[in-house]
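# Examination of the molecular architecture
Listed here are the chains, written in short residue letters.
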There are 2 protein chains.
Amino acid sequence: MRYSIEDFATLDNFFRRNLINSLTGFKSLNLVGTKSKENITNLAPFSQVFHIGASPALVGLLVRPDTVERHTLQNIIETESFTLNHVKEEFYKEAHQTSARYQISEFEATGLTPEYTEKVFAPYLKESVIKIGLKLEEKHNLAINGTILVIGSIQEIFLPDIVISDDGFIDLQKAGTITCVGLDAYYRTQKIARLSYAKPDKPISPLTPKGGI
Amino acid sequence: MRYSIEDFATLDNFFRRNLINSLTGFKSLNLVGTKSKENITNLAPFSQVFHIGASPALVGLLVRPDTVERHTLQNIIETESFTLNHVKEEFYKEAHQTSARYQISEFEATGLTPEYTEKVFAPYLKESVIKIGLKLEEKHNLAINGTILVIGSIQEIFLPDIVISDDGFIDLQKAGTITCVGLDAYYRTQKIARLSYAKPDKPISPLTPKGGI
């Protein structure tokens with residue numbers, strides 16, 4: 001099948017949204033934890049989270065201002081603090097459910113558990129095994145469609161020893177982290193391989209650092 | 001294990017790069033096809049590609065200017081054209097190998113095949129079953145670390161009929177699209193479920209649109 005830019009306008013809105021949302025590939029899935037100045041906690045699923053740099057350690061988050069995510073954005077701007085919490089299969093339905101337009105905290109509504117550290121104002125998710133605490137650094141408005149790119153610097157991270165390889169790689173399959181597609185599809189994963197650093201004059205080979213991950 | 005921002009500075013550079021790169025979760029994997037004004041083709045793997053909007057249909061691409069990806073960026077700026085091509089397990093080693101610093105075209109070096117359409121200047125990858133042709137719309141410099149955010153509008157897409165659900169959702173597992181973590185790890189996927197639209201007063205349920213995807 002081929003769709004051109006001229007065809008897009010003729011597609012049903014719902015069909016087009018699903019199609020275009022699925023198109024770029026598998027996505028990370030994180031629950032973003034925030035808290036307002038009035039101490040109202042918020043938890044929302046984001047699949048638009050990505051690595052921006054390792055030194056300094058920076059993460060980007062894309063926010064559509066016209067969606068339920070607006071509480072998240074407002075809290076991040078007010079408090080300059082947010083957390084990212086990986087989603088496991090054990091609570092993916094609760095994670096999905098946090099996208100509903102609740103009047104109360106999504107923690108309360110779904111039974112998921114907030115958890116705090118001294119270093120970060122925003123709540124972590126207790127049920128999550130990989131967690132990242134961030135501080136707001138930059139906000140870019142993407143004029144083309146009103147999307148906002150939030151950039152945070154990593155303040156602290158928590159993850160099980162057993163998923164960290166000797167070379168720093170994190171085995172997300174072992175951690176039980178899941179991935180998603182589009183607006184509503186969830187997937188577990190199965191490792192094919194890690195591959196050695198690519199050089200023009202050398203064949204690549206599977207990479208097996210000590211620790212076996 | 002806990003690492004704080006103070007610990008990051010004490011970590012081995014290579015360890016830190018792997019750790020922080022793996023931390024945000026599973027990522028999309030696309031080979032980006034471009035061509036210079038002098039007709040030299042280029043193919044490079046990108047895991048920092050994401051959905052920005054469905055209407056208009058926009059895709060974002062993060063580029064580090066200090067890496068092998070610089071040819072890609074230069075070609076996109078010169079010609080305003082690029083393609084995204086999903087990676088399948090059948091050619092993931094060749095995809096990885098395109099990250100080597102070749103003096104010649106990565107198509108030639110790896111044996112992958114360029115393919116053209118009337119609408120888009122940049123080459124598609126023939127071996128890929130899901131392909132997106134884009135036009136450069138915006139370029140944002142992220143001052144914080146020199147990363148560049150390229151935004152393209154989708155001009156045309158190609159995908160097999162059989163992976164498109166009745167509601168527009170694309171079954172990427174069926175398409176054989178793989179996902180990746182960090183700098184060098186590749187994964188196949190297995191669907192858990194699609195879930196219905198979340199509402200505060202309604203339990204969620206698995207979603208099964210006609211067409212069975």
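These numbers come from a predicted model, not from an experiment.

## Let's talk about the overall build of chain A
The number of helices and strands found in chain A is six helices and twelve strands. If you line up chain A on its principal axes, its C-alpha atoms span 55 × 55 × 35 Å. Of the contacts formed within chain A by residues at least 6 apart in sequence, a portion of 59% connects residues at least 24 apart. Taken as a whole, chain A presents about 8500 Å² of accessible surface, with 51% of it coming from carbon and sulfur.

## Examining the interface of chain A and chain B
Contact residues are listed per partner, giving 101 residues for chain A and 101 residues for chain B. Taking both partners together, chain A and chain B bury about 9000 Å²; carbon and sulfur atoms supply 63% of that area. Applying the counting rule to chain A against chain B returns six salt bridges. Put simply, Arg194 of chain B and Asp184 of chain A hold a salt bridge, and the shortest N to O gap is 2.8 Å. Where chain A meets chain B, there are 50 residue pairs in polar contact (both at pLDDT 80 or more). For the side of chain A that touches chain B, the class distribution of residues is 49 nonpolar, 29 polar and 23 charged. Sheet topology places strand 1 (residues 2–4) of chain A next to strand 10 (residues 147–158) of chain B; three bridges connect them, and they run antiparallel.

## Observations regarding the confidence of the model for chain A
Caution is warranted with low-pLDDT regions, since their predicted coordinates should not be read in detail. Of the residues in chain A, 95% have a pLDDT of 70 or more, and the chain-wide mean is 94. The complex prediction reports pTM at 0.95, with the ipTM value standing at 0.95.

## Focus: unusual backbone geometry
A cis amide bond links Ser55 of chain A to the next residue, Pro56 of chain A, at an omega of 5°. Within the element layout of this structure, Pro56 of chain A appears in the loop between strand 4 (49–54) and strand 5 (57–63).

## Looking at the relation of the copies chain A and chain B
Mapping chain A onto chain B is achieved by rotating through 180° and translating by 0.0 Å along the same axis, at an RMSD of 0.0 Å. Expressed as an axis order, the relation between the two copies is that of a two-fold axis. Closest approach to the rotation axis within chain A is made by the C-alpha atom of Thr189 of chain A, at a distance of 2.2 Å. With an isologous cut-off of 70% or more, the 100% of interface residues of chain A that recur at the interface of chain B puts this contact in the isologous class.

## Digging into the pattern of salt bridges
For the structure on display, the rule yields 16 salt bridges over all chains. Between Arg188 of chain B and Glu89 of chain B there is a salt bridge, and its shortest N-O distance comes to 2.7 Å. Of this pair, Arg188 of chain B sits in strand 12 (residues 185–194) while Glu89 of chain B sits in the loop between strand 6 (81–86) and helix 4 (92–97); the two residues are 99 residues apart in sequence, bridging distant segments of the chain. On the basis of relative accessibility, which here comes to 30%, the residue Glu89 of chain B falls in the partly exposed class. Counted as one network, the salt bridges with shared partners bring together Asp167 and Arg194 of chain A together with Asp184 of chain B.

## Here's the deal with helix 3 (residues 70–79) of chain B
All names here are of chain B. The complete set of buried residues in helix 3 reads Thr72, Leu73, Asn75, Ile76 and Thr79. Looking down the long axis of helix 3, one finds its buried residues gathered within 165° of arc, a one-sided arrangement. In this structure, the buried residues of helix 3 make contact with strand 2 (30–35), strand 3 (41–46), strand 5 (57–63), strand 6, strand 9 (131–142) and strand 10. Taken from the residues just after helix 3, Glu80 is the one with a positive phi, measuring 60°.

## Comments concerning the environment of Leu195 of chain B
Of note, Leu195 of chain B is situated in the segment after strand 12. Taking C-alpha positions, Leu195 of chain B is 4.5 Å from Pro206 of chain B, a pair spaced eleven residues apart along the chain. Every residue in contact with Leu195 of chain B, bar those within four places of it in the chain, is listed here: Tyr92, Lys93, His96, Asp184 and Tyr186 of chain A together with Ile204, Ser205, Pro206 and Leu207 of chain B.

## Describing the pairing of strand 4 (residues 49–54) of chain B
All names here are of chain B. For strand 4, the tally of buried residues reaches six of six residues, placing the bulk of the element in the interior. Alignment of strand 4 against strand 5, held across five bridges, turns out to be antiparallel. Looking at the pairing, Phe50 lines up with Gly60 of strand 5. Connecting the antiparallel pair strand 4 and strand 5 is a turn made up of two residues.

## Quick look at empty space enclosed by the protein
Taken as a whole and judged by the stated rule, the model has one cavity of 30 Å³ or more. Considered as a void within the structure, the largest cavity measures approximately 130 Å³ in volume. In terms of lining, the largest cavity is formed by 18 residues, of which the most central are Val49 and Phe50 of chain A together with Ser28, Ser47 and Val49 of chain B. At the level of elements, strand 4 of chain A together with strand 4 of chain B are the ones that each hand at least two residues to the lining of the largest cavity. Of the residues assigned to the lining of the largest cavity, the class counts are six nonpolar, ten polar and two charged.

Conventions adopted
- Residues numbered from 1 in each chain as written.
- Chains lettered and ligands numbered in written order.
- Predicted model: local features only at pLDDT ≥ 70, side-chain atom pairs only at ≥ 80, totals over all residues.
- Heavy atoms only, no water.
- Helix = DSSP H or I, 4+ residues; strand = E, 2+ residues; numbered from the N terminus.
- Contact = heavy atoms within 4.5 Å.
- Areas by Shrake-Rupley, 256 points an atom, 1.4 Å probe, with all protein chains shown as cover.
- Buried area = accessible area lost by both parts, 1.4 Å probe.
- Salt bridge = Lys/Arg side-chain N within 4 Å of Asp/Glu carboxyl O.
- Polar contact = N/O pair within 3.5 Å; in protein donor to acceptor, adjacent residues only side chain to side chain.
- Nonpolar A, V, L, I, M, F, W, Y, C, P; charged D, E, K, R; others polar.
- Pairing = 2+ DSSP bridges.
- pLDDT = per-residue confidence, 0-100.
- Least-squares fit on C-alpha atoms with pLDDT ≥ 70 in both.
- Buried < 20%, exposed > 50% of the residue type's maximum accessible area, 1.4 Å probe, protein only.
- Arc of directions from axis to C-beta.
- 1 Å grid on protein atoms, 1.4 Å probe; cavity = no way out; pocket = protein on both sides within 12 Å on 5 of 7 lines; lining within 4 Å.
- Points joined across faces, edges and corners; volume = space filled by probe spheres on them.

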